[in-house]
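What follows is the residue order along each chain.
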Amino acid sequence: MPTVRYTMKKELVIEWKHIGNEIEKTAEEFEETGMTLSAVLAEIRMLLEMEGVGVRVDETVLPDDAPAGSESLLFNGIPIEVLLEGVEVTATACSCASCDSCETCGEEEECRTLRYSGEEYEAIPPELIGRAAAKALEME
């Protein structure tokens, strides 16, 4: 019986940037984006692969003192806020008890949030992740 080989003609590379060098110290909000990303990929990975699209997730752990750069997703190198119309990056005062940067420096830091349709999100919602993945693939 001949071996069937699928060749991937496209690749979707998603980079998740977050603070928290140790998973126990990763703030709940940051952990939530990672879990949401995994759940969305579990739903769409097989469909993408059937269409010849390989999926890879790269995780970049930022220093604990860089909350403003944390919680970002890049799709084939393009930030989610660039891919999706109406999504903008905002910063809110970081006051969560689990955020190491607040506890470490003793000052209020600004944490990265996304604003979309009048709502602010500390963790990136699943519908935005799915839409950004589709948009990134359209651009190739």
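Rules used throughout
Residues numbered from 1 in each chain as written. Predicted model: local features only at pLDDT ≥ 70, side-chain atom pairs only at ≥ 80, totals over all residues. Heavy atoms only, no water. Helix = DSSP H or I, 4+ residues; strand = E, 2+ residues; numbered from the N terminus. Buried < 20%, exposed > 50% of the residue type's maximum accessible area, 1.4 Å probe, protein only. Contact = heavy atoms within 4.5 Å. Patch = residues over 30% accessible without salt bridge, like charges linked within 9 Å, V, L, I, M, F, W, Y side chains within 5 Å. Areas by Shrake-Rupley, 256 points an atom, 1.4 Å probe, with all protein chains shown as cover. Salt bridge = Lys/Arg side-chain N within 4 Å of Asp/Glu carboxyl O. Core = buried A, V, L, I, M, F, W, Y, C linked by side-chain atoms within 4.5 Å. Pairing = 2+ DSSP bridges. Polar contact = N/O pair within 3.5 Å; in protein donor to acceptor, adjacent residues only side chain to side chain.

Tallying secondary structure elements over the protein gives four helices and seven strands in all. Starting at the N terminus and ending at the C terminus, the protein contains elements arranged as β-α-β-β-β-α-β-α-β-β-α. Every one of the 140 residues in the protein was classed for burial, and the buried ones make up 39%. Relative to all contacts within the protein whose residues are 6 or more apart in sequence, the contacts with residues 24 or more apart total 75%.

We now examine a nonpolar patch on the surface. On the surface, Met46, Leu47 and Met50 cluster together to form a nonpolar patch covering roughly 390 Å² of accessible area. Assignment of secondary structure puts Leu47 in helix α1 (residues 28-50). By relative accessible area, which is 55% here, Leu47 ends up exposed.

One finds Leu12, Leu73, Phe75 and Ile80 to be the most contacted residues of the largest nonpolar core, which totals 23 residues. Elements that contribute at least two residues to this core include exactly β1 (10-19), α1, β2 (53-62), β3 (72-75), α2 (80-83) and α4 (126-138). Among the elements that take part in this core, α4 stands out by supplying six residues, more than any other. Every residue in contact with Leu73, bar those within four places of it in the chain, is listed here: Ile14, Glu15, Trp16, Thr33, Leu37, Ile78, Pro79, Ile80, Ile124 and Ile129.

Right, let's get into the sheet that holds β1. For sheets, the rule is that strands pair by backbone hydrogen bonds, running either parallel or antiparallel. In space, the four strands of this open sheet follow the order β2-β1-β3-β4, with mixed pairing throughout. If you trace the sheet from one side to the other, it starts and ends with β2 and β4 (78-79), each paired once. Bridging between β1 and β3 involves four bridges; their strand directions are antiparallel. Paired with Trp16 across the strands is Leu73, a residue of β3.

Looking now at the side chain of Thr33. Secondary-structure assignment places Thr33 in helix α1. Side-chain polar atoms of Thr33 contact the backbone nitrogen of Ile124, separated by 3.0 Å. Beyond its immediate stretch of four places on either side in the chain, Thr33 contacts Trp16, Glu71, Leu73, Glu122, Ala123 and Ile124.

Under the criterion given, the structure shown has three salt bridges. Linking Arg56 and Glu11 is a salt bridge whose minimum nitrogen-to-oxygen distance equals 3.5 Å. One end of the pair, Arg56, is in strand β2; the other, Glu11, is in strand β1, with 45 residues separating them in the sequence. You can call Arg56 partly exposed: its relative accessible area is 37%. Across the salt bridge formed by Glu120 and Arg115, the nearest N and O atoms sit 2.4 Å from each other. On the accessibility criterion, Arg115 (30% relative accessible area) is partly exposed. The network of salt bridges with shared partners includes Glu11, Arg56 and Asp58.

Note that every value here comes from positions in space, so none of it alone points to a role or purpose.
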